[in-house]
Amino acid sequence: MAKKSILKRLEAQKQEKKNAAVVSGIEQVIVNKQPDEQNRDTGAHRIMADIARPDIEPEGQIIRVDINLVYAEEQVRPEEDFEEEVIDGMADTFATIGMLTPPRCYPRDRRGYQIWLGETRVRTARKRGDTHIDIYVGKPPRERKERIIGQLIENLQQSGLKPLATAKSFYELKHQFNMTGEQIAKTMGKPTSFVSKHLRLIDAPENVTALLRDKVTSDIDLAYTLIQLNEKSPEDAEKLIAAARVSGISRAQVKAVLDEVKNKSKGDISHAKSKTQNKKNSKPLDRNSSAETWQVVVEIDGQQGIVMTDRAPEEEGYVWVKLEIGDISVEASEVRVRGMRALK
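Residues numbered from 1 in each chain as written. Predicted model: local features only at pLDDT ≥ 70, side-chain atom pairs only at ≥ 80, totals over all residues. Heavy atoms only, no water.

Q: So, the sheet that holds strand S10 (residues 336-342): which residues are in play, and what are the values?
A: With respect to topology, 5 strands assemble into an open sheet ordered S9-S8-S7-S6-S10, the strand pairing being antiparallel. The strands lining the two open edges of the sheet, one partner per strand, are strand S9 (326-331) and S10. On average, adjacent strands in this sheet sit at an angle of 40 degrees to one another, irrespective of strand direction. Alignment of strand S6 (residues 294-300) against strand S7 (residues 303-307), held across 4 bridges, turns out to be antiparallel. Paired with Val-297 across the bridge in S7 is Ile-306. With respect to the sheet, helix H11 (residues 220-232) is in contact with strand S8 (318-323) and S9, its orientation differing from that of S9 by roughly 100 degrees. (Pairing = 2+ DSSP bridges. Helix = DSSP H or I, 4+ residues; strand = E, 2+ residues; numbered from the N terminus. Axes fitted to C-alpha atoms, helices over the stretch in contact; angles between N-to-C directions. Contact = heavy atoms within 4.5 Å.)

Dropping the structure here:
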C-alpha cells in the first residue's frame, strides 16, 4: 500500500509539471495573472511573486519599462514644489543628451515600480510624451528614515528643495529619529547653520513662512533674518514683508534694518547702564572684578561668535550665538568653545 501511494504521488508530480509547461513564462504569470480571491490564498500568491520576481528583475539592474508602471508616493518634495520651468528645462536637456541618470525605483509590486529617487525625471519624461523609461531597480530603503535621507540628499545636492519642505524633513529626522542637528548636517553634507536655520522655520511667524509658501522668495538666509527682525521689531519686519510682495527685497536690505534695530537697542541699554552707574558713582569694572565682563567665544561652521547669555534658549540643550551674519540658535553640542575675551 505504501508503495502504491508513493507511485500515485510521483504520478501526480509528473502531471503538475506538464500543467506548468503550458504557461509561456513566469513573467506573464506574475504581471498578468491575478489571484483567485475565493479559491486561492492571496498571501501565498504574494509570497510566490516575491520569490519569483528577482529571477526576472534582480536588484541593481537598469530596465526599460512602460512609464505608466512607474509611480510615486511619500516624496519629501511636495506637489506644489514641482516647477514647470524646471521640468521644461530638463525636457530640453533630455532632447539634447538624454537622461544621464535613470530614476531609482523599488522592485516591482502589484501596482508597478515605486519611485525612491528621481520623480522630477519621471515627470519630465511624461511631459515629453515618452511611453517608456529606463529605471534603476535597486534595493529599497530599509526604513522610513533611510528613505527620507536619500530623497533629501538627492534633492538638496542636485535640483534643490524648497525651504519649507526641507525644514519639515529635518524636523522629522530630529524629533522622530533622534538625530542631532550636527548629525543631519554631516549626513546632508551641509553646514550645521544650514540645518539650524531651516529648523527655525518650523515655528516662524506666518507672514514669513507665507513668503516662502507663495514663492515670493526661496532665500533661507533672507527668511531667517526676517525672523530675527520680527523678534526685535515686528513693525519693521511687517513693512519689509509687504515690500517683498510689491517690489521684492534683498537679504542686505533686511540685514541693514536688523543691524539698525540692534544698534538702537544697544544704545538704549548702554544709556540705561550709564545712568545707573552714575547714580551709584561706580568705577568701570576691570578684568578681575566680575564675570559679567567676560564673553564666551565659540566657533560653528568655521565662524567665530559669542554665546548670548542674555537670551533664553529656544529649548533645552540649545544656545543663542551671535555671529557676524546674525544671531543663530544651535545645539550646545554643535559649538566649539575657543576661549574667553573681555567685554569691550
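Q: Outline the pattern of salt bridges, supporting the account with residue identities and numerical values.
A: Tallied over the full model, the rule gives 16 salt bridges. The closest approach of N and O atoms between Arg-64 and Asp-134, which form a salt bridge, is 3.1 Å. In this pair, Arg-64 is assigned in strand S1 (residues 61-66) and Asp-134 in strand S5 (residues 132-137), connecting sequence segments 70 residues apart. The shortest N-O distance in the salt bridge between Glu-119 and Arg-123 comes to 3.1 Å. One end of the pair is Glu-119 and the other is Arg-123, both in helix H5 (residues 119-128) and 4 residues apart, which spans about a single turn. Here the residues in one salt-bridge network are Lys-197, Asp-219, Asp-221 and Arg-251, joined through shared partners. (Salt bridge = Lys/Arg side-chain N within 4 Å of Asp/Glu carboxyl O.)

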